[in-house]
Amino acid sequence: MSDDPTSYQPGDSPTEPAQESADVAFIGLGVMGYPMAGHLAASGHRVAVFNRTASVTQRWCGEHPGRVATTPADAASGAEFVFMCVGADDDVRAVTYGDDGALGAMSEGAVLVDHTTASADLARELAAACAKRDVGFVDAPVSGGEAGAQGGVLTVMCGGTDEHFERARPVMDAYARAVTLIGGAGAGQLTKMVNQICIAGLVQALSEGLEFGRRADLDLDAVLNTIAQGAAGSWQMSNRGTTMKADEFDFGFAVDWMRKDLGIVLAEAQRNGAPLPVTSLVDQFYKRVQELGGGRWDTSSLITLLRPLEER
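All of these numbers come straight from a predicted model, not from anything done at the bench.

Undergrad: An account of the overall build of the protein chain is requested, with residue identities and associated values reported.
TA: Scanning the protein chain for helices and strands turns up 13 helices and ten strands. If one aligns the C-alpha atoms of the protein chain with their principal axes, the spans along those axes are about 65 × 45 × 40 Å. Burial analysis of the protein chain (312 residues in total) assigns 49% to the buried set. Partitioning the intrachain contacts of the protein chain with sequence separation of at least 6 by distance along the chain shows that 67% fall at a separation of at least 24. For the protein chain, the computed accessible surface area is about 14,200 Å², with 52% contributed by carbon and sulfur atoms.

Here is the structure:
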């Protein structure tokens, strides 16, 4: 495999043939998986879905063409591609292994794609388990949040072989605006860790800047409109600045999930020796948000910790 990342933007090559419809399975219909599976169905793929809460599966099939599967193995049976988007490492293992797990039901030559944000160690473990069964594997965590999943414009960061990536990439285009192969198994998860490190620092800095401006009696709308056009501009500023100013946090990527992700990051940093002083501090700030009852608030809720106690 090439040492250079392989990146594809839908629309880059107008002569590329359209992806033929495929038999696919989608396991995990949470806030991300539900719309992602919907985009697969809308793109003409034949989709079998499984979710641990059966009523969610039934609701999805009421809204999209597809087949209700009773187990992960049932969903994966006969599928060319099996996509997973569940909670954490142990959840992935639960739907992958065992008599009812997806892997045992997959045919030789099929590809397992894990969109869960999980550890790099798990990705390597799954790659080895898949190889024993002549099944392809791609670890493919995503960025873009619920809005990106609903809009079909996720960024997908992948680890795996060129062969398996190139086979799965056109199918992932159904819900992505950018799909990039970073390296071998685990590289996608490690890239997602970099992503979360950067987000954590950005949100804390944006929170401090906005609270500073508020206490300085500045017109924060004017401030945001001005600095967003300069070096301080970021996705977080453009998409969360005004909602943070208005104390609106009942949407977006939940603090509970960010803490799960940062736990994976900090564990990996212990192994590779990377110093993460800011990330470690922000993780503790998110813990305080949880203690305030904000576990389901958007990650931009960090700003609440900077307000006087009587205003929280």
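Undergrad: Can you explain the state of the cysteines? Please cite residues and give values.
TA: Per the counting criterion, the structure on display carries zero disulfides. Unpaired in terms of disulfides, cysteine 130 finds its nearest cysteine sulfur in cysteine 158, a separation of 14 Å.

Undergrad: Tell me what's going on with empty space enclosed by the protein, and back it up with residues and numbers.
TA: Counted under the stated rule, the structure contains one cavity of 30 Å³ or more. By volume, the largest cavity amounts to about 40 Å³. Around the largest cavity sit Thr117, Ala118, Gln189, Lys192, Met193, Gln196, Asp261, Ile264 and Val265, which together line it. Only helix H9 (187–215) and helix H12 (255–272) provide two or more residues apiece to the lining of the largest cavity. Sorting elements by how many residues they give to the lining of the largest cavity places H9 first, with four residues.

Undergrad: Describe the environment of valine 135, listing the residues and the values that go with them.
TA: Inspection of the secondary structure assignment puts valine 135 in the loop between helix H6 (120–132) and strand E7 (136–139). On the basis of relative accessibility, which here comes to 5%, the residue valine 135 falls in the buried class. Apart from the residues lying within four places of it in its own chain, the contact partners of valine 135 are Leu103, Met106, Ser107, Ala110, Val111, Leu112 and Cys130.

Undergrad: Talk me through the environment of phenylalanine 249; I want residue IDs and the actual numbers.
TA: Inspection of the secondary structure puts phenylalanine 249 in the loop between helix H11 (235–245) and H12. Accessibility expressed as a relative area gives 7% for phenylalanine 249, which makes it buried. Sequence separation between phenylalanine 249 and aspartate 298 is 49 residues, and the spatial gap between their C-alpha atoms is 5.0 Å. Excluding its chain neighbours within four sequence positions, the residues that come into contact with phenylalanine 249 are Met244, Arg296, Trp297, Asp298, Ser300, Ser301, Ile303 and Thr304.

Undergrad: Kindly report on the pairing of E7, identifying the contributing residues and their values.
TA: Neither face of E7 is left uncovered, since the one carrying Gly136 and Val138 and the one carrying Phe137 and Asp139 both have all their residues buried. The sheet contact formed by strand E6 (residues 111–114) and E7 spans four bridges and is parallel. Counterpart to valine 113 in the pairing with E7 is valine 138. Handedness of the E6-H6-E7 crossover: right-handed.

Rules used throughout
Residues numbered from 1 in each chain as written. Predicted model: local features only at pLDDT ≥ 70, side-chain atom pairs only at ≥ 80, totals over all residues. Heavy atoms only, no water. Helix = DSSP H or I, 4+ residues; strand = E, 2+ residues; numbered from the N terminus. Buried < 20%, exposed > 50% of the residue type's maximum accessible area, 1.4 Å probe, protein only. Contact = heavy atoms within 4.5 Å. Areas by Shrake-Rupley, 256 points an atom, 1.4 Å probe, with all protein chains shown as cover. Disulfide = S-S within 2.5 Å. 1 Å grid on protein atoms, 1.4 Å probe; cavity = no way out; pocket = protein on both sides within 12 Å on 5 of 7 lines; lining within 4 Å. Points joined across faces, edges and corners; volume = space filled by probe spheres on them. Pairing = 2+ DSSP bridges. Right-handed = clockwise from strand over helix to strand, strands pointing away.

The values are spatial; any link to function lies outside them.
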